[in-house]
Amino acid sequence: MSATEPGTLSHARYGKDLVRVLRVVREGSTHHVVEYNVKALVEGDIATSYTKADNSVVVATDSIKNITYYIAKTSPHVLHPTRFALHIATFLLSKYPHLHKAFVDVERLRWTRIPLSGQGQSTPHPHSFYRDGDDKQTVSVEVDGTKGKDKMVAHVRGGMRDLLVLKSTGSAFRDFVRDEFTTLLEVPDRIFSTSVDLEYAFGEVRIPAEYKDSEKTLKSFTLSSAGKGDVWDADFAADLARKITLDVFATDESESVQATLYKMAQTLLNEDQYINTVTYKLPNKHYVPVDMRYIGVDNVTPTEAEVFTPLAAPSGLITATVTRK
Ligand SMILES: O=c1[nH]c(=O)c2[nH]c(=O)[nH]c2[nH]1
């Protein structure tokens, strides 16, 4: 190595981030829409592009963006974020022999059919939608073609972020360490609010042959899943994870964010046998009772606390990963 290069390139990965795409699938007069934010990165024999300014090994990030749109246009998987991500990753590796790994993250934004009321019942509109929550479904896939393009394997993670929840009772925080640094009061009842960030990992899967030959099979190909909530049925897992998170949050008599988080994770592992690890990141979004004693009003005794101020910062942050035994 030349004296002017004291370092070696030990890691190199590149691609396009923040590719925004809305796809409409028309089924007669019923339409389906999905909106995604996509990040697609690749690794492979690309070192010389960094070390020798050799762009002959570079698939332009602009082309990676175009491939993302092309798969959005042609993939039979486009309505399913996990399979869509797998399709982009697999396509990149199949098309470019010198690329060996692809990393595709997809965020799905919420668009839900507008429910129309009439004749005492609600009907979902066939082509009008509304944003019914700021939470995003997340998908991260890593497809590894290093053992050969006919033996590709994938590591898939699902999850969600920005699911904002609050409960006004059913949450206590007591019996924590008390010493000279403690100012927090023990409370049998408090507000509990968090913005749920969840990620869960499935076991490794082989990419079926149909995925690779995308252009030949695009029209005909449908993939059957091996079981409810597996990688190929990850939408089920995502709905289940959201439902469990909300159910446990609502019904748990919480002794702490830690204890509620752990119950959520165990419930998800119990209900989806294909998920192996679950990671929650739960900020504790504090709401503080306003002290009105100076005007002779009790708003601090837990049973009297009715007026709160949200505390933007600092925030608690409770995280944990629970792994299947
Ligand atoms: O559920 C909680 N866990 C903590 O670790 C903690 N720390 C704190 O100040 N409040 C809370 N609440």
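We now turn to the structure provided with this report.

Cut-offs and rules
Position numbers for residues count from 1 along each chain, tracking the sequence in the order it is written. Reporting in this predicted model follows two pLDDT cut-offs: at least 70 for local features of residues, and 80 or more for side-chain atom pairs to be given and counted; totals over whole chains, interfaces and linings ignore these cut-offs and use all residues. Side-chain metrics in this entry use all non-hydrogen atoms of the structure; hydrogen atoms and water are not considered. By definition here, a salt bridge exists when the distance from a side-chain nitrogen of Lys or Arg to a carboxyl oxygen of Asp or Glu is within 4 Å. Secondary structure elements follow DSSP: runs of H or I no shorter than four residues count as helices, runs of E no shorter than two count as strands, and numbering proceeds from the N terminus. Each residue gets one of three labels from its accessible area relative to the maximum for its type: buried under 20%, exposed over 50%, partly exposed in between, using a 1.4 Å probe on protein chains only. Only strands joined by at least two bridges in the DSSP assignment are considered to pair. Only heavy atoms matter for contacts: two residues are in contact if any of them lie within 4.5 Å across the pair.

Quick notes on the pattern of salt bridges
1) Next: With the rule as written, the count across this model stands at 18 salt bridges.
2) Next: Between lysine 243 and aspartate 247 there is a salt bridge, with its nearest N and O atoms 2.9 Å apart. Of this pair, lysine 243 and aspartate 247 both sit in helix α6 (residues 234-251), four residues apart, roughly one helical turn.
3) Next: Classification of aspartate 247 by relative accessible area gives partly exposed; the value is 37%.
4) Next: Residue lysine 263 is joined to aspartate 252 by a salt bridge in which the shortest nitrogen-to-oxygen separation is 2.5 Å. With a gap of 11 residues between them, lysine 263 in helix α7 (residues 257-271) and aspartate 252 in the loop between α6 and α7 connect regions that are remote in the sequence.
5) Next: Residue classification places lysine 263 among the partly exposed residues on the basis of a relative accessible area of 40%.

Here's the deal with the pairing of strand β2 (residues 30-44)
1) Next: In the sheet, strand β1 (residues 14-27) pairs with β2 via 12 bridges, with the strands oriented antiparallel. Bridging across to β2, glutamate 27 finds its partner in threonine 30.
2) Next: Between the antiparallel neighbours β1 and β2 lie two residues, among them glycine 28 with a positive phi of about 65°.

Section: the environment of histidine 31
1) Next: Take histidine 31: it is sitting in strand β2.
2) Next: Distance in space between the C-alpha atoms of histidine 31 and proline 126 is 6.0 Å, their sequence separation being 95 residues.
3) Next: Leave out the neighbours within four places in its chain, and histidine 31 touches Val24, Val25, Arg26, Arg113, Pro126, His127 and Phe129.

Things to note about the environment of histidine 80
1) Next: By the element assignment, histidine 80 lies in the loop between α2 (61-74) and α3 (81-95).
2) Next: The spatial distance from the C-alpha of histidine 80 to the C-alpha of aspartate 235 is 6.8 Å, given a sequence separation of 155 residues.
3) Next: Those residues in contact with histidine 80 that lie beyond four places of it in its chain are Tyr36 and Asp235.

As for unusual backbone geometry
Most peptide bonds take the trans configuration, and most residues that are not glycine carry a negative phi.
1) Next: With omega at -5°, the peptide bond leading from alanine 313 into proline 314 counts as cis.
2) Next: Here proline 314 lies in the loop between β12 (308-310) and β13 (316-323).
3) Next: Positive phi values are uncommon outside glycine, yet aspartate 175 reaches one of about 60°.
4) Next: Tracing the backbone shows aspartate 175 in the loop between β7 (153-167) and β8 (192-202).

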